Amino acid sequence: MEEEMENKTNSKTENEKHLPKEEGDVKYYSCEEVQAHNTSKDAWLIIHDKVYDITTFLEEHPGGEEVLLEQAGSDATESFEDVGHSTDARQMLQQYYIGELHECERKKEAKKEVYITTSKESSSWSTWLIPAIAVAVVGFMYRYYMLEHKSS
Ligand code: HEM
């Protein structure tokens, strides 16, 4: 009995290591925190910026345990939507809900996309703009030289 109590206390301490930051009633997790839960004994998923602990659901999943384990610890939104899950499946999600993906993590993703687009655009501009300016400058210098040469 005493040992059992001790085990419970230990497991509580173990859980406390991963205690989320709380804001009101909602718990927020970072991508790193979610990534740590990627095994068959401890599996979390992100779907539409919400975090789910699906450990107890793995064996029950009608689509099989494997597909869920492949996504464990990561954002499974795309695969979840690709399958075209039923309304029942979407309602089932609620049972496994444990919190939200931290606000700053969502912005980080959005910013990354914008940055990639802009940097691609700017690099394509510089590939033709700089040589064009160089050609124009050389052209002007040549004409100036020729005019000077003629008049003398
Ligand atoms: C916690 C999240 C999930 C829940 C609650 C869930 C639930 C379900 C349910 C209830 C079904 C039966 C069909 C239906 O009602 O739509 C199903 C089927 C299926 N699920 Fe999920 N699912 C989840 C996540 C995923 C993910 C992330 C994937 C893909 C990586 C996936 C792949 C599949 C596949 C392949 C089937 C079989 C579809 C078929 O046989 O037509 N599921 N799921």
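These figures come from a predicted structure and were not determined experimentally.

**Quick notes on the coordination of the iron atom of the ligand**
Donor atoms from the polypeptide that coordinate the iron atom of the ligand comprise His 61 (NE2) and His 85 (NE2), at 2.0 Å from the metal. In this structure, the iron atom of the ligand is surrounded by six donor atoms whose angles at the metal cover 88 to 180°, and the resulting shape is octahedral. Here His 85 lies in the loop between α4 (77-83) and α5 (87-96) and His 61 lies in the loop between β5 (50-53) and α3 (65-71), a separation of 24 residues in the sequence. The exposure class of His 61 is buried, given its relative accessible area of 13%.

**A short note on the layout of surface pockets**
Leftover empty space is mapped by rolling, across the atoms, a probe with the size of a water molecule. Approximately 400 Å³ is the volume attributed to the largest pocket. Here the residues of the lining of the largest pocket sort into 14 nonpolar, five polar and one charged.

**Structural notes on a nonpolar patch on the surface**
Among the surface-exposed residues, Trp 128, Leu 129, Ile 133, Val 137 and Met 141 lie close enough to one another that they form a single nonpolar patch of about 510 Å² accessible area. When you line up the elements, Met 141 lands in helix α6 (residues 103-151).

**Here's the deal with the nonpolar core**
By size, the foremost hydrophobic cluster in this structure holds 13 residues, and its most contacted members are Leu 45, Ile 47, Tyr 52, Ile 54 and Leu 68. Those elements that provide at least two residues to this core are β4 (42-47) and α5. In terms of residue count, the dominant contributor to this core is β4 (three residues).

**A few points about the site of the ligand**
The full set close to the ligand counts 18 residues, and Ile 54, His 61, Leu 68, His 85 and Ser 86 are the nearest of them. Within the side chain of His 85, a nitrogen or oxygen atom sits 2.8 Å from a nitrogen atom of the ligand. Listing elements by their share of the shell around the ligand, those giving two or more residues are α3, α4 and α5. By residue class, the composition of the shell around the ligand is 12 nonpolar, six polar and no charged.

**Focus: a negative patch on the surface**
A surface patch of like charges, here negative, comprises Glu 59, Glu 60, Glu 65, Glu 66 and Glu 70. Summarising the element assignment, Glu 59 is placed in the loop between β5 and α3.

**Notes on the packing of aromatic side chains**
Within the structure shown, the criterion is met by three aromatic pairs. Geometrically, the ring pair formed by Phe 57 and Tyr 96 is tilted, given 5.1 Å between the ring centres and 40° between the ring planes. Here Phe 57, found in the loop between β5 and α3, pairs with Tyr 96, found in helix α5; they are 39 residues apart in sequence, far enough to count as distant. Using a relative accessible area of 10% as the deciding quantity, one classes Phe 57 as buried.

**Considering unusual backbone geometry**
Positive phi, normally seen in glycine, also occurs at His 48, with a value near 50°. You can call His 48 partly exposed: its relative accessible area is 45%. One non-glycine residue, Asp 49, lies in positive phi territory at about 65°. Relative accessible area serves as the criterion here: at 27%, Asp 49 is assigned to the partly exposed category.

**Things to note about the pattern of salt bridges**
Counting across every chain of the model gives two salt bridges. A salt bridge links Lys 50 to Glu 100; the shortest N-O distance between them is 3.1 Å. Of this pair, Lys 50 sits in strand β5 while Glu 100 sits in strand β6 (residues 97-101), placing them 50 residues apart in sequence. According to the relative accessible area criterion, Lys 50 is partly exposed, its value standing at 31%. For Glu 81, the salt bridge is made with Arg 90, and the minimal N-O distance between the two is 2.9 Å. What makes Arg 90 partly exposed here is its relative accessible area of 32%.

What counts, and at which threshold
- Here the residue numbers are simple positions, counted from 1 along each chain's written sequence.
- Local features in this predicted model are restricted to residues whose pLDDT is 70 or higher, and side-chain atom pairs enter the listing and the counts only when it is 80 or higher, whereas totals over whole chains, interfaces and linings include all residues.
- Excluding hydrogens and water, the side-chain figures rest on all heavy atoms present in the structure.
- Nitrogen, oxygen and sulfur within 2.8 Å of a metal are treated as its donors, or within 3.2 Å for sodium, potassium and calcium (Na, K, Ca); water is not counted, so a site can appear incomplete.
- Note on geometry labels: four donors, all angles 85 to 135 degrees, give tetrahedral; four donors become square planar and six octahedral when opposite donors are over 155 degrees apart and every other angle is between 65 and 115; remaining cases are irregular.
- Secondary structure elements are taken from DSSP: a helix is a run of H or I of four residues or more, a strand is a run of E of two residues or more, and numbering for both begins at the N terminus.
- To sort residues, take the accessible area from a 1.4 Å probe on protein chains only and compare it with the maximum for the residue type: under 20% means buried, over 50% means exposed, and anything in between is partly exposed.
- Of the grid points, spaced at 1 Å and generated over the protein atoms alone, those admitting a 1.4 Å probe that cannot get out make up cavities, while open sets with protein on both sides within 12 Å along at least five of seven lines make up pockets; any residue with an atom within 4 Å of a point is treated as lining.
- Grid points are joined across faces, edges and corners, and a volume is the space filled by probe spheres set on the points.
- Residue polarity is assigned by list, with Asp, Glu, Lys and Arg as charged and Ala, Val, Leu, Ile, Met, Phe, Trp, Tyr, Cys and Pro as nonpolar; anything else, Gly included, falls into the polar class.
- Residues forming no salt bridge and having over 30% relative accessible area are the ones grouped into patches, like charges within 9 Å of each other and nonpolar side chains (Val, Leu, Ile, Met, Phe, Trp, Tyr) within 5 Å.
- Here, Shrake-Rupley sampling with a 1.4 Å probe gives the accessible areas, and only protein chains in the shown set may cover a residue.
- What counts as a salt bridge is simple: a side-chain nitrogen of Lys or Arg found within 4 Å of a carboxyl oxygen of Asp or Glu.
- Joining through side-chain atoms within 4.5 Å is the link that ties buried Ala, Val, Leu, Ile, Met, Phe, Trp, Tyr and Cys residues into a set, and such a set is a nonpolar core.
- Any residue with a heavy atom positioned within 4 Å of a molecule or strand is treated as near that molecule or strand.
- Any N or O atom pair separated by 3.5 Å or less is treated as a polar contact, with the protein-specific requirement of one donor-capable and one acceptor-capable atom, and with residues adjacent in sequence counted only for side-chain atom pairs.
- All tallies of charge rest on Lys and Arg as positive and Asp and Glu as negative; His and the ends of each chain are not included.
- For charged residues, the charge sits on one atom: NZ in Lys, CZ in Arg, CG in Asp, CD in Glu.
- Here is the rule: rings of Phe, Tyr and Trp (six-membered ring for Trp) pair when centre to centre is within 6.5 Å. Planes less than 30 degrees apart are stacked, more than 60 are edge-to-face, and the remainder are tilted.

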